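Observations on the model geometry
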Number of protein chains: 2
Amino acid sequence: MTKVQRQRRDVVANRARIVSAATTMLREHGLSTDMRAIAKKAGVGIGTLYRHFPTREHLLQEITGVGLTRLAESMLPPGLTAIDALRQFFTAALDQLARNRAMVDLLASTEVSDSSLERCVQHLTDIGREAVTRSTRDRTLATDITATDIAYQFLALVRIVQLLPDGRTGDIERYVNMTLRGIEHRHSQK
Amino acid sequence: MTKVQRQRRDVVANRARIVSAATTMLREHGLSTDMRAIAKKAGVGIGTLYRHFPTREHLLQEITGVGLTRLAESMLPPGLTAIDALRQFFTAALDQLARNRAMVDLLASTEVSDSSLERCVQHLTDIGREAVTRSTRDRTLATDITATDIAYQFLALVRIVQLLPDGRTGDIERYVNMTLRGIEHRHSQK
DNA sequence: CGATCATCGGAACACATGTTCCGTTTTGGC
DNA sequence: GCCAAAACGGAACATGTGTTCCGATGATCG
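What you see is a predicted model; the values in this text were computed from it and never measured.

Each value, and the rule that gives it
Every chain begins its residue count from 1, and numbering advances along the sequence as written. Numbering of ligands from 1 and lettering of chains from A proceed in the order in which they are written. Owing to the predicted nature of the model, reporting of local features is limited to residues with pLDDT of at least 70; listing and counting of side-chain atom pairs is limited to 80 or more, with chain, interface and lining totals taken over all residues. Heavy atoms from the whole structure form the basis of all side-chain values; hydrogens and water molecules are not counted. We call two residues in contact when some of their heavy atoms are within 4.5 Å. As a working definition, buried area equals the accessible area (1.4 Å probe) given up by two parts on being put together, with both sides summed. Salt bridge, as used here: a side-chain nitrogen of Lys or Arg that lies within 4 Å of a carboxyl oxygen of Asp or Glu. Polar contact criterion, stated in full: a pair of N or O atoms within 3.5 Å, where within protein one must be able to donate a hydrogen and the other to accept it, and residues adjacent in sequence count only if both atoms are side-chain atoms. In this description a helix means any DSSP run of H or I spanning at least four residues, a strand means any run of E spanning at least two, and both kinds are numbered starting from the N terminus. All axes are obtained by fitting lines to C-alpha atoms, using only the stretch in contact for helices, and the reported angles, taken between N-to-C directions, cover 0 to 180 degrees. Handedness of a helix crossing follows the sense of rotation of the near helix relative to the far helix, less than a right angle counterclockwise being left-handed and clockwise being right-handed. Classification convention: Asp, Glu, Lys, Arg as charged; Ala, Val, Leu, Ile, Met, Phe, Trp, Tyr, Cys, Pro as nonpolar; all other residues, Gly among them, as polar. Alignment of copies: least-squares fit on C-alpha atoms of residues with pLDDT of at least 70 in both copies. Definition used in this section: a nonpolar core is a set of buried Ala, Val, Leu, Ile, Met, Phe, Trp, Tyr and Cys residues joined via side-chain atoms within 4.5 Å. Relative accessibility under 20% of the residue-type maximum defines a buried residue, over 50% an exposed one, and the middle range a partly exposed one, all with a 1.4 Å probe and only protein chains included. Think of it this way: a Phe, Tyr or Trp ring, Trp meaning its six-membered ring, pairs with another when their centres are within 6.5 Å, and the plane angle makes it stacked under 30 degrees, edge-to-face over 60, tilted otherwise. Cavity and pocket criteria rest on a 1 Å grid covering protein atoms alone: a 1.4 Å probe that fits but cannot get out defines a cavity, protein on both sides within 12 Å along at least 5 of 7 lines defines an open pocket, and an atom within 4 Å of a point defines a lining residue. Grid points are joined across faces, edges and corners, and a volume is the space filled by probe spheres set on the points.

A short note on the interface of chain A and chain B
It is common to report an interface's size as the accessible area lost on association of the parts. Of the residues lining the interface, 25 residues belong to chain A; the matching set on chain B comes to 25 residues. When the two sides are added together, the surface that chain A and chain B hide from each other amounts to roughly 2,600 Å², 46% of it contributed by carbon and sulfur. A per-residue breakdown of the area chain A buries against chain B is headed by Tyr152, Arg159 and Arg181 of chain A, which together make up 26% of the total. Counting the contacts that link chain A with chain B gives 2 salt bridges. A salt bridge links Arg174 of chain A to Asp149 of chain B; the shortest N-O distance between them is 2.3 Å. The tally of links from chain A across to chain B stands at 14 residue pairs in polar contact (both at pLDDT 80 or more). For the side of chain A that touches chain B, the elements supplying multiple residues, two or more each, are α6 (101–108), α8 (147–163) and α9 (172–183) of chain A.

Laid out in structure tokens, this is it:
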């Protein structure tokens, strides 16, 4: 009865081309990339793009979703002190983000309306909470630091990554270390 | 021959109303305020607005110019160590900025095309350079900190101010202190 | 008070970008 | 190879916002 229709070959191919084109364009030109440019890059009509993704937001969600989810699912590395876990998390996450203009734009933008982004920011606070909790044992964070502070510091670092000239991504670790020196407990110096 | 015409009273009055309305709207609603809203608030036609300020950018320059100039002209307070001078400068500048959404948006935006803004960012680096120089005497900054680092840290703080909920401007000092702990020399603790 | 002309108001235009629609083309089953 | 249905391309539409233009208005001067 409900016969399972196989998708036409061109449909599958076009979707793949669109996703691929959108991924590249967003990574290289940031969030402001417009729909026509993506369609053109994919070698596809604008109508075809819209048949696959009914709105711009659907497309963005599809493309940035992977990265946001990865960020939202990553946890603090276990077995480390609060400060060292944050160091590893921040560095890894920012190195990843730095490869993708759209992701950086997203996390540096004021419009936090996108639901999956909001979830992501929420998650940063959860990470912060975990670090604060961990610090009640190891005392590696200054005692007045809150979960929110940690989320804000991460977003501040994202802003710095956004400002960094293209070649300069090697500086990320330096900036992470500066930030962490700012929130670490005063007696935790090596 | 070239008789100096005195300006009509309504012209002067309208210009004042426009500047006043624009200042309020930009301060309260940020950079995205549109021209029609400003004209309406001023009780003036859109045409009148454009006769006084030929483009949106001219208007923005007029309104944000004061604040940008003040920021660009403020120097590091003399007679203090590098770190304390930066503390005073950062805190004062950010407290000021926090009162004005448009200024925060401007310094948090990626479009650094506006010439007076660019001058302003340039000036932040000059401030940084001055602090680095001062630190060669007092050794209050970590030795690997550059002028650019200081400019970036300021802009990162601006981002945090942008994220702060309306009532929370009292937290600015805390964040400034976190940032400075991140760049201070390791032996300068009180 | 009346004439003149700078100024005003806001409709209309320009332009960029998201989205829809429909005539044309392609696919896949026979 | 033929056909019906599905999908395509891109012109056209919708919308938001900056900008221009011109007939109406009203400030100034004699």
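From this point on, the discussion continues.
Examining the packing of helix α5 (residues 82–98) of chain B against helix α9 (residues 172–183) of chain B
Residues and elements named next belong to chain B. Between α5 and α9, the least distance of the axes is 10 Å, while the angle of their chain directions is 145°. In the packing of α5 onto α9, the handedness of the crossing is right-handed. Of the residues in α9, those touching α5 at Ile83, Leu86, Arg87, Phe90, Thr91, Leu94, Asp95 and Ala98 are Ile172, Glu173, Val176, Asn177, Leu180 and Ile183. Looking at side-chain class alone, the contact of α5 with α9 contains 9 nonpolar, 2 polar and 3 charged residues.

Some points on the relation of the copies chain A and chain B
Rotating chain A by 180° and moving it 0.0 Å along the rotation axis overlays it on chain B with an RMSD of 0.1 Å. Taken together, the rotation angle and the small translation identify this as a two-fold axis. Nearest to the rotation axis, the C-alpha of Gly182 of chain A is located 2.0 Å from it, this being the minimum over chain A.

Some words on the environment of Val121 of chain A
Along the chain, the position of Val121 of chain A falls in helix α7 (residues 115–138). Once the C-alpha coordinates of Val121 of chain A and Thr146 of chain A are considered, the two residues, 25 residues apart in sequence, prove to be 15 Å apart.

A short note on the nonpolar core
Counting residues in hydrophobic clusters, the biggest one holds 116 residues, and the most contacted among them are Leu86 and Phe154 of chain A together with Leu86 and Phe154 of chain B. Ignoring any residue separated from it by four or fewer positions in sequence, one finds Leu86 of chain B in contact with Leu76, Ile127, Ala131, Leu141, Ile150, Leu180 and Ile183 of chain B.

Side note on the packing of aromatic side chains
Overall, the coordinates contain 8 aromatic pairs over all chains when judged by the stated rule. When the ring of Phe89 of chain B is compared with that of Phe90 of chain B, the centres are 6.0 Å apart and the planes differ by 55°; the resulting orientation is tilted. Judged by relative accessible area, Phe89 of chain B falls into the buried class, the value being 5%. Counting every residue linked through ring pairs, the aromatic cluster contains Phe89, Phe90 and Phe154 of chain A.

Let's talk about empty space enclosed by the protein
According to the stated counting rule, one finds 2 cavities of 30 Å³ or more in the structure shown. As a volume, the largest cavity reaches approximately 120 Å³. Looking at the largest cavity, it is lined by 16 residues, and the ones nearest its centre are Gln153 and Thr179 of chain A together with Gln153, Met178 and Thr179 of chain B. Listing elements by their share of the lining of the largest cavity, those giving two or more residues are α8 and α9 of chain A together with α8 (147–163) and α9 of chain B. Partitioned by chemical class, the residues of the lining of the largest cavity number 10 nonpolar, 6 polar and no charged.

In short, geometric facts, not functional conclusions.
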